[in-house]
Amino acid sequence: MSETAIQIRSYYKAGVFERELLKLRSSQPDAEPIPQSPRSPVSVTSPRSSVSSPGSPREVRAAMSEIREKDQANQDHQATESNRRGDKLREIYHEFDLDSAGDVGFDELLLLGQTRRKLGQKQGAWTREMNRNLMDKMGTDRNGNVAEDNFVDYFNSSLTRDPATFDSTMEQFLECARACRVKKIEKREAENRHTHFTADQDPQIDPEAGPRAEAALRQRAVDEATRQRAARERAAAEEEIAKQTQELMRRRAEEQGALERDRADLEKRERERVRQTEALQREREAFDREKAAWAHQQRASERQLAIDLRRELLSLIHI
């Protein structure tokens, strides 16, 4: 960044840049009145200014353009980083959804918090009260579960802004969620094997074992169908997001083109204004030269007239 841009940014942060710019535009020292030329009724004053400013108007405009470009680049970078963080957190959320029900409940968060400590990612104990406080901070729906948007918004604002540390935390979350998912799948398979074994060996031991096994199978099928439906909905949502992103990029490109055209038009107008100012200055200088020549001629005429009058007086005296 140029020295002028750095100075302008410091003036802007101090809250005095607008006042300095107004002074720069409006300050013109009082000049002696100049007779108006028939060819140029416009009065031109001296362009010199005694106000201390960040630079000339052209330097100020160039510096402001540089500042705007850097601010726009920073905003684009922040938007890209925010989208990346959001995508990571959504991936984590779907991994945390251990039963593929489309939401994260109290038991899932409790198991995840306890597993993080077993894996050595965190110290201390994770209690039910701590788990409830976390869910209250994120916000729950009427069923007491945490929605995806609440999960993403909470962790996006609470986790560190450093990309490397954030990615490391996301890796820990994924490791924890996958470990919990493996344990839960193993537990379900063990329960199903035990139910089938009991029903096949001796149905008389528990007459309801067979119906329970069938109900478990039906529930498993329902869970699988729910998971597939959720996957399809996520795919449709991602496709819609991709379309909206492309549309936003197209609009942004159009707006950028319009801004570039406006900037070129402003620069053209500024060049024309400078050209007109220089032409007026040249005309004023020519007028000043004509005025000086006329004054010189007038003085010469007055001197000649005085000489002629003196001669006439002398001739009358001699007569």
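Here goes a summary of the coordinates provided. (Residues numbered from 1 in each chain as written. Predicted model: local features only at pLDDT ≥ 70, side-chain atom pairs only at ≥ 80, totals over all residues. Heavy atoms only, no water.)

## Some details on the overall build of the protein chain
Stage number 1. For the protein chain, the count of helices and strands is eight helices and zero strands.
Stage number 2. Ordered by position from the N terminus, the helices and strands of the protein chain form the series α-α-α-α-α-α-α-α.
Stage number 3. Out of the 319 residues in the protein chain, the part that is buried amounts to 21%.
Stage number 4. Long-range pairs, those at least 24 residues apart, make up 67% of the contacts in the protein chain with a sequence separation of at least 6.
Stage number 5. By element, 52% of the accessible surface of the protein chain is carried by carbon and sulfur atoms, the whole surface being about 23400 Å². (Helix = DSSP H or I, 4+ residues; strand = E, 2+ residues; numbered from the N terminus. Buried < 20%, exposed > 50% of the residue type's maximum accessible area, 1.4 Å probe, protein only. Contact = heavy atoms within 4.5 Å. Areas by Shrake-Rupley, 256 points an atom, 1.4 Å probe, with all protein chains shown as cover.)

## Observations concerning the pattern of salt bridges
Any two side chains of opposite charge can pair, on the condition that their charged atoms come close.
Stage number 1. Across all of its chains, the model carries 15 salt bridges by this definition.
Stage number 2. One salt bridge in this structure joins Arg90 and Glu148, with 3.0 Å as the shortest N-O distance. Placement of Arg90 in helix H3 (residues 57-96) and of Glu148 in helix H6 (residues 148-158) is noted, with a sequence separation of 58 residues between them.
Stage number 3. A salt bridge links Arg90 to Asp149; the nearest nitrogen and oxygen atoms lie 3.4 Å apart. (Salt bridge = Lys/Arg side-chain N within 4 Å of Asp/Glu carboxyl O.)

## Some points on helix H5 (residues 128-138)
Structural remark: α-helix, 3.6 residues per turn; residues separated by three or four positions point the same way.
Stage number 1. Three or more residues of H5 are buried, namely Asn131, Leu134, Met135 and Met138. Viewed end-on, H5 has its buried residues packed into an arc of 95°, placing them on one side of the element. Opposite the buried face of H5, at more than 90 degrees from it, the exposed residues are Glu129 and Lys137.
Stage number 2. The elements touched by buried residues of H5 are helix H4 (106-118) and H6.
Stage number 3. Residue Gly139 follows H5 closely and has a positive phi angle near 95°. (Arc of directions from axis to C-beta.)

## Considering the nonpolar core
Stage number 1. Within the largest apolar cluster, 25 residues are counted, with the highest numbers of intra-cluster contacts made by Phe96 and Phe151.
Stage number 2. Only H3, H4, H5, H6 and helix H7 (163-201) provide two or more residues apiece to this core.
Stage number 3. Per element, the largest residue contribution to this core is seven residues, and it comes from H7.
Stage number 4. Here Phe96 is in contact with Val104, Glu108, Leu112, Phe151, Phe173 and Ala177, once residues within four sequence places are set aside. (Core = buried A, V, L, I, M, F, W, Y, C linked by side-chain atoms within 4.5 Å.)

## With respect to a negative patch on the surface
Stage number 1. On the surface, Asp87, Glu91, Glu171, Glu175 and Glu238 cluster together to form a negatively charged patch.
Stage number 2. Listed by contribution, the elements that provide at least two residues to the negative patch are H3 and H7.
Stage number 3. When you line up the elements, Glu238 lands in helix H8 (residues 209-318). (Patch = residues over 30% accessible without salt bridge, like charges linked within 9 Å, V, L, I, M, F, W, Y side chains within 5 Å. Lys, Arg positive; Asp, Glu negative; His and termini not counted. Charge placed at Lys NZ, Arg CZ, Asp CG, Glu CD.)

## A word on the side chain of Glu270
Stage number 1. Considering the arrangement of structural elements, one finds Glu270 in helix H8.
Stage number 2. Within the structure, the side chain of Glu270 is placed 2.7 Å from the side chain of Arg273, a separation counted as a polar contact. (Polar contact = N/O pair within 3.5 Å; in protein donor to acceptor, adjacent residues only side chain to side chain.)

## Some thoughts on the packing of aromatic side chains
Stage number 1. Under the defined criterion, the tally for this structure stands at four aromatic pairs.
Stage number 2. Note on Phe151 and Phe155: the rings are 4.8 Å apart at their centroids and 55° apart in plane angle, and the pair reads as tilted. Remark: Phe155 and Phe151 occur in helix H6; sequence separation between them is four residues, near one turn of the helix.
Stage number 3. Taking the relative accessible area as the measure of exposure, Phe151 reaches 1% and is therefore buried. (Phe/Tyr/Trp six-rings, centres within 6.5 Å; stacked < 30°, edge-to-face > 60°.)

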